[in-house]
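# Commentary on secondary and tertiary structure
Here is how the chains run, residue by residue.
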Amino acid sequence: MINISFAGKALLLILGLLFIFHLLVLFGVIPYDIVWAGKITNRKQLLIMEALSLLILVMAAMIVSLKMGYLNILQNSAIANIGMWVLFALFALNTIGNLTAKAPIEKYGFGLLTAVMALLALRLAIAPKIDLKNNSR
């Protein structure tokens, strides 16, 4: 079984790297035809979809941080637990979407990445909240 701490840290690292990736797409450093299944046809669509991606990544990082106990803005662990299940579903559905993409990098590279993210999110979803002060679960 995957260690809870590793799962949380790995997921946060991946989310951070994806945030940087989407910024690079947004600013034209990386071509936009390798994201969103190659269905972006103009700059306006790109701005909307990449803004959505960045927002989702920030919210996902906040949910993982809540679950891991890094953020203590909410004392209700049910919100973090529900959020992790939502992230698991989102990453699982995203994996299916990536596998239908035209671009090989999105299909195989990001398809595999989102599958890993789904597994990490599932691990956190079934785990109790980590108590960082006592270094326990």
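Residues numbered from 1 in each chain as written. Predicted model: local features only at pLDDT ≥ 70, side-chain atom pairs only at ≥ 80, totals over all residues. Heavy atoms only, no water.

So, about the nonpolar core. Nonpolar side chains in soluble globular proteins tend to end up buried together. Residues Leu11, Leu15, Val64, Met84, Leu87, Phe91 and Leu124 are the most contacted members of the largest nonpolar core, which totals 31 residues. Broken down by secondary-structure element, the contributors of at least two residues to this core are helix 1 (4-26), helix 2 (43-68), helix 3 (77-99) and helix 4 (104-125). Counting residues per element, this core draws most heavily on helix 1, which supplies nine residues. Excluding residues within four positions of it along the chain, Phe91 makes contact with Leu11, Leu15, Thr114, Met117, Ala118 and Ala121. (Core = buried A, V, L, I, M, F, W, Y, C linked by side-chain atoms within 4.5 Å. Buried < 20%, exposed > 50% of the residue type's maximum accessible area, 1.4 Å probe, protein only. Helix = DSSP H or I, 4+ residues; strand = E, 2+ residues; numbered from the N terminus. Contact = heavy atoms within 4.5 Å.)

The next point concerns the layout of surface pockets. Taken as a whole, the largest pocket holds about 520 Å³ of empty space. Taken together, 21 residues line the largest pocket, and the ones lying closest to its centre are His22, Trp36, Ser53, Asn94 and Asn98. Among the secondary structure elements, those contributing two or more residues to the lining of the largest pocket are helix 1, helix 2, helix 3 and helix 4. Class assignment for the residues of the lining of the largest pocket results in 14 nonpolar, six polar and one charged. (1 Å grid on protein atoms, 1.4 Å probe; cavity = no way out; pocket = protein on both sides within 12 Å on 5 of 7 lines; lining within 4 Å. Points joined across faces, edges and corners; volume = space filled by probe spheres on them. Nonpolar A, V, L, I, M, F, W, Y, C, P; charged D, E, K, R; others polar.)

Turning our eyes to something else, we now look at the packing of helix 3 against helix 4. The interhelical angle for the contact between helix 3 and helix 4, taken along N-to-C directions, is 165 degrees, at an axis separation of 8 Å. In terms of their interaxial angle, helix 3 and helix 4 are classed as roughly antiparallel. In the packing of helix 3 onto helix 4, the handedness of the crossing is left-handed. Every residue of helix 4 that contacts helix 3 at Met84, Trp85, Leu87, Phe88, Phe91, Ala92, Asn94, Thr95, Asn98 and Leu99 is listed here: Glu106, Lys107, Phe110, Gly111, Thr114, Ala115, Met117, Ala118, Ala121, Leu122, Leu124 and Ala125. When its residues are assigned to classes, the contact of helix 3 with helix 4 shows 15 nonpolar, five polar and two charged. (Axes fitted to C-alpha atoms, helices over the stretch in contact; angles between N-to-C directions. Parallel < 35°, antiparallel > 145°, perpendicular 65-115°, else oblique. Left-handed = near helix turned anticlockwise from the far one by under 90°.)

Running from N to C, helix 1 and helix 2 point in directions that differ by 160 degrees, and their axes come no closer than 10 Å. In terms of axis orientation, helix 1 runs roughly antiparallel to helix 2. By crossing handedness, the relation of helix 1 to helix 2 is classed as left-handed. Looking at the contact of helix 1 with helix 2 residue by residue, the class counts come to 18 nonpolar, five polar and two charged.

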